Amino acid sequence: MGRWRDGRGQLTVRGDAGERPAVHVPLEVATSYRARTKGLLGRDSLDGALLLSPANSVHTFRMRMPIDVAYLDRRLRVISVRTMPPGRLGLPRVRARHVIEAEAGAMAEWGLRVGARVEVVWEGATATEGREG
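Since this is a predicted model, take the numbers as computed values, not measurements.

Colleague: Sorry, what's going on with the overall build of the protein chain here?
Modeller: The helix and strand inventory of the protein chain stands at 2 helices and 8 strands. What you see in the protein chain, going N to C, is helices and strands ordered as β-β-α-β-β-β-β-α-β-β. For the protein chain, the proportion of its 133 residues judged to be buried stands at 43%. As presented, the protein chain carries roughly 7300 Å² of accessible surface, and 48% of it is formed by carbon and sulfur atoms.

Colleague: I keep staring at the layout of surface pockets and nothing clicks. Help me out?
Modeller: Picture a little ball the size of a water molecule; that probe, rolled over the atoms, points out where space is still empty. When its volume is computed, the largest pocket comes out at roughly 290 Å³. Surrounding the largest pocket, 17 residues form its lining, Arg36, Thr37, Leu52, Ser57 and His59 being those nearest its centre. Ranked by residues supplied to the lining of the largest pocket, first place goes to helix H1 (residues 33-38) with 4 residues. Of the residues in the lining of the largest pocket, the class split is 9 nonpolar, 5 polar and 3 charged.

Colleague: How should the packing of aromatic side chains be read in this particular structure?
Modeller: Each pair of aromatic rings is reported with the distance of its centres and the angle of its planes. According to the stated counting rule, one finds 0 aromatic pairs in the structure shown. The ring centre of Tyr71 lies 4.5 Å from the NZ or CZ of Arg93, which sits over that ring.

Colleague: Help me understand the environment of Ala55 in this model?
Modeller: Within the secondary structure layout, Ala55 lies in the loop between strand E3 (49-52) and strand E4 (67-72). Given a relative accessible area of 13%, Ala55 falls into the buried group. C-alpha separation for the pair Ala55 and Thr31, spaced 24 residues apart in sequence, amounts to 9.0 Å. In this view, Ala55 contacts Ala96, Arg97, His98 and Val99; residues no more than four positions away in its chain are not counted.

Colleague: How do you make sense of the nonpolar core when you look at a structure like this?
Modeller: With 22 residues, the main nonpolar core has Leu11, Ala49, Leu51, Ile100, Trp110, Leu112 and Val118 as its most contacted residues. Put simply, the parts of the chain that give this core at least two residues each are strand E1 (7-13), strand E2 (23-30), E3, E4, strand E6 (98-103), helix H2 (106-110) and strand E7 (118-122). With residues up to four places along the chain from it excluded, the contact list for Leu51 reads Trp4, Leu27, Glu28, Val29, Ala30, Leu72, His98, Val99, Ile100 and Val120. Counting 17 residues, the second-largest nonpolar core is a separate cluster that includes Leu40, Met63, Ile79 and Ala96.

Colleague: Can you walk me through the pairing of E4 in this structure?
Modeller: Here is the key point about a regular strand: its side chains alternate between the two faces of the sheet. With 6 of 6 residues buried, E4 lies mostly within the body of the structure. Both faces of E4 are covered, namely the face carrying Ile67, Val69 and Tyr71 and the face carrying Asp68, Ala70 and Leu72. Of the strand pairs in this sheet, E4 and strand E5 (residues 78-84) are connected by 6 bridges, and their pairing is antiparallel. Bridge assignment links Asp68 to a residue of E5, and that residue is Thr83. What sits between E4 and E5 in their antiparallel hairpin is a turn of 5 residues, with Leu76 showing a positive phi close to 65°.

Colleague: Quick question: what am I supposed to make of the side chain of Thr60 here?
Modeller: Mapped onto the elements, Thr60 comes out in the loop between E3 and E4. Take Thr60: its relative accessible area is 0%, and that puts it in the buried class. Among the polar contacts listed, one links the side chain of Thr60 to the backbone oxygen of Pro85, at a separation of 2.6 Å. Residues within four places of Thr60 in sequence aside, it is in contact with Ile67, Met84, Pro85, Pro86, Gly87 and Arg88.

Procedures and definitions
Residues numbered from 1 in each chain as written. Predicted model: local features only at pLDDT ≥ 70, side-chain atom pairs only at ≥ 80, totals over all residues. Heavy atoms only, no water. Helix = DSSP H or I, 4+ residues; strand = E, 2+ residues; numbered from the N terminus. Buried < 20%, exposed > 50% of the residue type's maximum accessible area, 1.4 Å probe, protein only. Areas by Shrake-Rupley, 256 points an atom, 1.4 Å probe, with all protein chains shown as cover. 1 Å grid on protein atoms, 1.4 Å probe; cavity = no way out; pocket = protein on both sides within 12 Å on 5 of 7 lines; lining within 4 Å. Points joined across faces, edges and corners; volume = space filled by probe spheres on them. Nonpolar A, V, L, I, M, F, W, Y, C, P; charged D, E, K, R; others polar. Phe/Tyr/Trp six-rings, centres within 6.5 Å; stacked < 30°, edge-to-face > 60°. Lys NZ or Arg CZ within 6 Å of the ring centre and 35° of its normal. Contact = heavy atoms within 4.5 Å. Core = buried A, V, L, I, M, F, W, Y, C linked by side-chain atoms within 4.5 Å. Pairing = 2+ DSSP bridges. Polar contact = N/O pair within 3.5 Å; in protein donor to acceptor, adjacent residues only side chain to side chain.

So, in structure tokens, the structure goes:
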């Protein structure tokens, strides 16, 4: 798989076996230094989610809203989920290679929790394993 690029796509959160259907969420992908640095700064809301890659930590300094943060390993499996209010510094996660950010409460609605695996689709391509895969 080639390198990911800044752009838009779709995040698919796989449902539990037989319990929940898969959830599809609009996704912004930020892979360049500039896009990752800007992140959600200056926004009052977000329709969907933002994927930062590569990333293993985030902060909410100068943010206007609390956010949910999911840390993903290189195979796009969730290793940690946190809700962060504005003005906080998140601890780095050693195994994390990617971070998903969304408005606070969104990830619980999607069923995104530790152990879940996500899929990223953009420009007609699918990523089930991260860039290193």
